[in-house]
Amino acid sequence: AGRPAPALVPAVAAAVGRRSPRTARRSAAVPCRQLGKRAPRTADADMFPIGPKDISTDSEEDLSEISGSELDEEITWIEWFCHLKGNEFFVEVDEDYIQDDFNLTGLSAQVPYYEYALNMILDFDDQDEQLPEDQQPLVETAAQMLYGLIHARFILTSRGMAAMLDKYQRLVYGICPLHQCEAMKQAVLPIGQSDLLRQSTAKVFCPSCREVYFPRSSKLEALDGAYFGTSFAHLFFLTYQYLVPQIIINPYVPRLYGFKIHKSVKDNLRKQKDQQAQRRLPNWEVPEGQGRGARRDDEILAD
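An account of the accompanying structure is given in this report. (Residues numbered from 1 in each chain as written. Predicted model: local features only at pLDDT ≥ 70, side-chain atom pairs only at ≥ 80, totals over all residues. Heavy atoms only, no water.)

1. Topic: a nonpolar patch on the surface
Heads up, the rule is: Any residue with relative accessible area above 30% and no salt bridge may belong to a patch, with like charges joined within 9 Å and the nonpolar Val, Leu, Ile, Met, Phe, Trp and Tyr side chains within 5 Å. The accessible surface values rely on the Shrake-Rupley method and a 1.4 Å probe; as for residues, cover is taken only from the protein chains in view. A pairing counts as a salt bridge when a side-chain nitrogen of Lys or Arg comes within 4 Å of a carboxyl oxygen of Asp or Glu. In this text, helices come from DSSP runs of H or I with a minimum length of four residues, and strands from runs of E with a minimum of two, each type numbered from the N-terminal end.
Residues Leu256, Tyr257, Phe259, Ile261, Val265 and Leu269 make up a contiguous nonpolar surface patch of roughly 710 Å² in combined accessible area. Here Ile261 lies in the loop between β5 (259–260) and α14 (263–279).

Now the structure itself:
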């Protein structure tokens, strides 16, 4: 049987801005899994109906994209997480994929509270090992980090790419900011500059000009780049080659009064800058007792 906990909603809502279904609302309507088996949901849903007063203000705002009929029905943690505002850039990872331990190799060393976070994502409920309530927000954060890393691996599969294809075609990630690409509304894909957490935020890759840019969406830029990885965008366009634009983007050519600026001008400016930097370097240190008249080693070698 599930654990109805509508009384815990205010306490947890005060600790974390974005509540998971386990702590905010779904625990009152959807029983959690026990010992790897999903318990019946309909009986508990009818026994503990959810009304507007049972959902916190933050949860109402976060779940705004879910219709009222869906709120009355069951919702998994993955569905809840992907419907949060700012998380529309994620696709829903299949639970079968997450339950395969091979797909999670190495993640336990990167995410704290790994077992608890994984149980939260899969809606498992181990009543024998309950964490104190003050550590619940840490598990919430760990679950979101773990899902992001799993997401980066899932989108490399055929099912994950198909889900990302739908978002790409709907311009969920925006269009390229380059003038020529923007004119033809060239869509972009998210990309990370590292596969490790906390190294860089998410960027976007344009298949037309083949450049990486900061995303226009501040919500996308706030996500960790490891949630999309460094390989996805390139593998995506190798898989869907028909999406690669055939139009060649001509690079911008600087001109003065209609005349091209010769490349030697840039080279000369670079040389002048290097010479000025060398002049600012400190002179060789003279050993004590030799005074200013002592010659440097390079001068002796020159003689």
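2. Thoughts on the environment of Arg255
Keep this limit in mind: Contacts are residue-level and defined by heavy atoms, with any inter-residue pair within 4.5 Å sufficient.
Along the polypeptide, Arg255 turns up in strand β4 (residues 255–256). Beyond its immediate stretch of four places on either side in the chain, Arg255 contacts Lys260 and Ile261.

3. Thoughts on the side chain of Asn103
Applied cut-off: Accessibility here uses a 1.4 Å probe with only protein chains present; expressed as a share of the type maximum, an area under 20% marks a residue as buried, one over 50% as exposed, and anything in between as partly exposed.
Looking at the element boundaries, Asn103 is found in the loop between α7 (95–99) and α8 (114–121). For Asn103, a relative accessible area of 16% translates into the label buried. Dropping the residues within four chain positions of it, Asn103 is found in contact with Tyr97 and Arg153.

4. Overview of the sheet that holds strand β2 (residues 203–205)
What links the strands of a sheet is backbone hydrogen bonding, and the strands pair in either a parallel or an antiparallel sense. The criterion, for reference: When DSSP locates at least two bridges between a pair of strands, those strands are taken to pair. A fitted line through C-alpha atoms represents every axis, and for helices the fit uses only the stretch in contact; the resulting angles, taken between N-to-C directions, go from 0 to 180 degrees.
Strand order in the open sheet formed by three strands is β1-β2-β3, with antiparallel pairing between adjacent strands. At either end of the open sheet lies a strand with only one pairing partner, and these are β1 (189–191) and β3 (212–213). As paired strands, β1 and β2 are joined by three bridges and run antiparallel to one another. Bridge assignment links Pro190 to a residue of β2, and that residue is Val204. Relative to β1, helix α13 (residues 232–239) is tilted by about 140°, and along the sheet it contacts β1 and β2.

5. Thoughts on the nonpolar core
This is how the line gets drawn: Among buried residues, the Ala, Val, Leu, Ile, Met, Phe, Trp, Tyr and Cys ones that are joined through side-chain atoms within 4.5 Å form a nonpolar core.
Membership of the largest hydrophobic core comes to 63 residues, with the highest contact counts inside it found for Trp77, Ile98, Leu146, Tyr147, Phe228 and Phe236. Secondary-structure elements contributing two or more residues to this core are α6 (77–82), α7, α8, α9 (136–154), α10 (158–169), β1, β2 and α13. Considering each element in turn, this core owes the most residues, nine residues, to α9.

6. Structural notes on the side chain of Ser200
Checked against the element boundaries, Ser200 lands in the loop between β1 and β2. On the basis of relative accessible area, Ser200 is assigned to the buried category, the value being 16%. Those residues in contact with Ser200 that lie beyond four places of it in its chain are Gln193, Ser194, Asp224 and Gly225.

7. A short note on the pattern of salt bridges
With the rule as written, the count across this model stands at four salt bridges. Between Asp94 and Arg159 there is a salt bridge whose closest N-O contact spans 2.9 Å. In this pair, Asp94 is assigned in the loop between α6 and α7 and Arg159 in helix α10, connecting sequence segments 65 residues apart. The exposure class assigned to Asp94 is partly exposed, which follows from its relative accessible area of 24%. By relative accessible area, which is 48% here, Arg159 ends up partly exposed. Across the pair Glu182 and Arg216 runs a salt bridge, and its minimum N-O distance is 2.9 Å. Residue Glu182 is located in helix α11 (residues 179–183), and its partner Arg216 is located in the loop between β3 and α12 (218–221); the two are separated by 34 residues in the primary sequence. With relative accessibility at 32%, the residue Glu182 sits in the partly exposed group.

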